[in-house]
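# Residue-level structure breakdown
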Amino acid sequence: MCVLIGTMGAGKTTVGRRVAAALGVGFADSDELVEEQAGKSVQDIFVEDGETAFRALEHATVARALGEHDGVLSLGGGAVLDPATRALLAPHPVVFLRVGLADAVKRVGLGTGRPLLLGNVRARVKQLLDERTPVYESLARITVETDGREPAAIAAEIVTALEGDRA
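The structure displayed is predicted, hence computed values, not measured ones.

Here the focus is the overall build of the protein. Summing up its helical and strand segments, the protein has eight helices and five strands in all. For the protein, the sequential pattern of α-helices and β-strands runs β-α-β-α-α-α-β-α-β-α-α-β-α. Looking at the protein residue by residue over its 167 residues, the buried ones come to 44%. Long-range pairs, those at least 24 residues apart, make up 71% of the contacts in the protein with a sequence separation of at least 6. Accessible surface computed for the protein: about 7900 Å², of which carbon and sulfur atoms make up 52%.

Another point: the packing of aromatic side chains. Counting across every chain of the model gives two aromatic pairs. On the numbers, 4.9 Å between centres and 40° between planes, the contact of phenylalanine 46 with phenylalanine 54 is tilted. With respect to class, phenylalanine 46 is no different from phenylalanine 54; both count as buried. Relative to tyrosine 136, the ring of phenylalanine 96 lies with its centre 5.2 Å away and its plane at 35°, an arrangement referred to as tilted. With a gap of 40 residues between them, phenylalanine 96 in strand β4 (residues 94–98) and tyrosine 136 in helix α7 (residues 121–139) connect regions that are remote in the sequence. No difference in accessibility class separates phenylalanine 96 from tyrosine 136, as the two residues are buried.

Thresholds, definitions, all that
- Residues numbered from 1 in each chain as written.
- Predicted model: local features only at pLDDT ≥ 70, side-chain atom pairs only at ≥ 80, totals over all residues.
- Heavy atoms only, no water.
- Helix = DSSP H or I, 4+ residues; strand = E, 2+ residues; numbered from the N terminus.
- Buried < 20%, exposed > 50% of the residue type's maximum accessible area, 1.4 Å probe, protein only.
- Contact = heavy atoms within 4.5 Å.
- Areas by Shrake-Rupley, 256 points an atom, 1.4 Å probe, with all protein chains shown as cover.
- Phe/Tyr/Trp six-rings, centres within 6.5 Å; stacked < 30°, edge-to-face > 60°.

As structure tokens, then:
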């Protein structure tokens, strides 16, 4: 198993699906798992229940996935903010998909469906990158640059790095 982390727009879901296919394992996205568990979208959870409720559900979902899923797991950008979640990641190969501000903003567009991007998208993405990048870096066993790169090339680099990590 490997776990992909990074901010929104880094390509965790897109690249994660490709890595899983290349490795012949399953893929899971923590936001999708949270939505299945809650029976509603992440955006609706934020609006109706609040961020605190979402983060509690996210932690429980990630903890369960880390124990049960043996493939590639993509985490929502803020999942690593929880110290308990960070502790659960320690034994796993964690891959940080690093994305710069320009590429992140281009990839998330106007942030439709992304509750943390209400208002000025560019300023908010910059704030999230500034706040979260040190956490991502501290958890990562492997860091992959994604700016200006195609998902297939990023996935191939991850597969190669994971194979080297196991050696």
